[in-house]
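# Results of the structural survey
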Amino acid sequence: MKKDILILGIESSCDETSVAVVKNGREVLSCATSTQIDIHKLYGGVVPEIASRNHVMNIDGVYKKALEDAKVTLDDIDAIAVTYGAGLLGALIVGVNFAKALAFATGKPLVAVNHIEGHIAANYIAHKNLKPPFLCLIVSGGHTALVSMQSYTKRKLIGTTTDDAIGEAFDKVARECGLEYPGGPNVQKQAEQGSPKIKFTNMDKEKITDFNFSYSGLKTAVINYIHNSSQRGEEISVPDVCASFQSEAVNQIVSKTMVALKKFDYKKVVLAGGVSANLFLRKTMDEEAKKVGAEIYYPPINLCTDNAAMIASAGYFNFIEGRGIADPKTLVPVSSISLE
Ligand code: KG4
Ligand code: ZN
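Computed from a predicted model, the values in this text were never measured in an experiment. (Residues numbered from 1 in each chain as written. Chains lettered and ligands numbered in written order. Predicted model: local features only at pLDDT ≥ 70, side-chain atom pairs only at ≥ 80, totals over all residues. Heavy atoms only, no water.)

### Remarks on the domain arrangement of the protein
Under the domain assignment, the protein is made up of domain 1 (6–121 + 304–326) and domain 2 (133–298). Just the C-alpha atoms count here: the centres of domain 1 and domain 2 sit 28 Å apart. Taken together, the 19 residues of domain 1 in the interface contact 20 residues of domain 2. It is Ile116, Ile120 and Cys304 in domain 1 that bury the most area against domain 2; as a group they hold 35% of the surface buried on that side. The partner of glutamate 180 in a salt bridge is lysine 41, with the nearest N and O atoms 3.6 Å apart. Summed over the shared surface of domain 1 and domain 2, the result is 5 residue pairs in polar contact (both at pLDDT 80 or more). Going through the elements one at a time, α1 (37–41), α4 (115–126) and α11 (308–320) are the ones with two or more residues in the side of domain 1 that touches domain 2. In terms of residue count, α4 provides more of the side of domain 1 that touches domain 2 than any other element does, 4 residues in total. (Domains from an automatic or database assignment. Contact = heavy atoms within 4.5 Å. Buried area = accessible area lost by both parts, 1.4 Å probe. Salt bridge = Lys/Arg side-chain N within 4 Å of Asp/Glu carboxyl O. Polar contact = N/O pair within 3.5 Å; in protein donor to acceptor, adjacent residues only side chain to side chain. Helix = DSSP H or I, 4+ residues; strand = E, 2+ residues; numbered from the N terminus.)

### Thoughts on the packing of helix α8 (residues 238–263) against helix α9 (residues 279–292)
Put simply, α8 and α9 touch, their axes get as near as 10 Å, and they point 30° apart. When the axes of α8 and α9 are compared, the pair comes out roughly parallel. Crossing of α8 against α9: the hand is right-handed. Each of Gln246, Ser247, Val250, Ile253, Val254, Thr257, Met258 and Leu261 in α8 lies in contact with α9, whose residues at this interface are Phe280, Leu281, Thr284, Met285, Glu288, Ala289 and Val292. Split by residue class, the contact of α8 with α9 holds 10 nonpolar, 4 polar and 1 charged. (Axes fitted to C-alpha atoms, helices over the stretch in contact; angles between N-to-C directions. Parallel < 35°, antiparallel > 145°, perpendicular 65-115°, else oblique. Left-handed = near helix turned anticlockwise from the far one by under 90°. Nonpolar A, V, L, I, M, F, W, Y, C, P; charged D, E, K, R; others polar.)

### Side note on unusual backbone geometry
Omega for the bond connecting proline 132 with proline 133 falls within 30 degrees of zero, at 10°, which places this linkage in the cis form. With respect to the helices, strands and loops of the structure, proline 133 is situated in the loop between α4 and β6 (134–139). Cis peptide bonds are those with omega within 30 degrees of zero, and the linkage from tyrosine 181 to proline 182 qualifies with -5°. Phi at asparagine 24 is positive, roughly 50°, even though this residue is not glycine. Mapped onto the fold, asparagine 24 is located in the loop between β2 (16–23) and β3 (27–35). For asparagine 24, a relative accessible area of 21% corresponds to the partly exposed category. At lysine 71, a residue that is not glycine, the phi angle is positive and equals roughly 60°. (Buried < 20%, exposed > 50% of the residue type's maximum accessible area, 1.4 Å probe, protein only.)

### Some remarks on the site of ligand 1
In the neighbourhood of ligand 1, 17 residues make up the surrounding shell, with Gly141, Asp171, Gln188, Gly274 and Asp306 lying closest. One of the side-chain nitrogen or oxygen atoms of histidine 115 is found 3.0 Å away from an oxygen atom of ligand 1. Residue aspartate 306 places a side-chain N or O atom 2.7 Å away from an oxygen atom belonging to ligand 1. Contact with the protein chains covers 86% of the free accessible surface of ligand 1, which is 560 Å². Among the elements of the structure, α4, α5 (166–176) and α6 (183–192) are those that each provide at least two residues to the shell around ligand 1. Counted by class, the shell around ligand 1 contains 4 nonpolar, 11 polar and 2 charged residues. (Near = heavy atom within 4 Å. Areas by Shrake-Rupley, 256 points an atom, 1.4 Å probe, with all protein chains shown as cover.)

Now the structure itself:
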């Protein structure tokens, strides 16, 4: 009988310190996470130096909890997978050094994982039979991209972020509206009470000629609208601003994804990244996919945001193909990595 493979995953790229144990890339035995949301809320966004210090304070306890919850010891682990980028360097370095120390001390293989690959792999945990090929829409704090997933580890970029990423735009609009960090979920909540009656851009009238994504025009239009209203002494309706922004932001990705589905002849779309938690995006994507008979996959909400289970899963698929194996003496974190 084939031996089960247990991967210990470590994630510290932003404001979550997370360690998980995942069996055969799909079954989460444990996922311990310490979130810093309440700390960064005070500053309206993630403060890199504070994030880094909190990772240092939390990682050992989170690691011990992950092993305890999974009812395993380090001896049972086959490989250690860690996010080495993209992310905040000072934050990444904590997880990377912790993983390097574990790998060096035990002689176990170290697998360097691209954080976005982790977001994609969250779907393999949630959908046990999901296998590439498929079209993947990445909607995160740092990326808006369409990727053709040819295998678990091979992908081709179809279109990408030309300026601001969608998550970044959600966060900036939230800030302008006076909403708390993290902005995305708060924009969604406000939008549920509003109506999308403000026209910020004419994106929906544009013909789709490529699969790249731009959010700086929409973001600037929202900021100008808020500033102009304030100069005129007019009160804005935050729910209407949020509903209008969200509708245009989602429309851009959904319409491009639908054109890409047809052009590249895919029947499955897999969503990945924090913004895939957005309920309006899910609803719109479901409605459009239904019209063309395509299947849509998302991770559950708790696996959309940063967690180490997705890193362990991506680590597993790399490990079994002998990819991403890193030297525990020399691995260094990187702040940005290409999606290809
Ligand atoms: O994927 P992620 O961890 O970022 C990167 O890895 O780059 O996602 C974080 C982003 C933030 O911009 C956050 O505001 C956004 O995901 N987000 C949402 C929602 N939940 C999280 N955006 C819109 N609606 C949500 N419900
Ligand atoms: Zn992330």
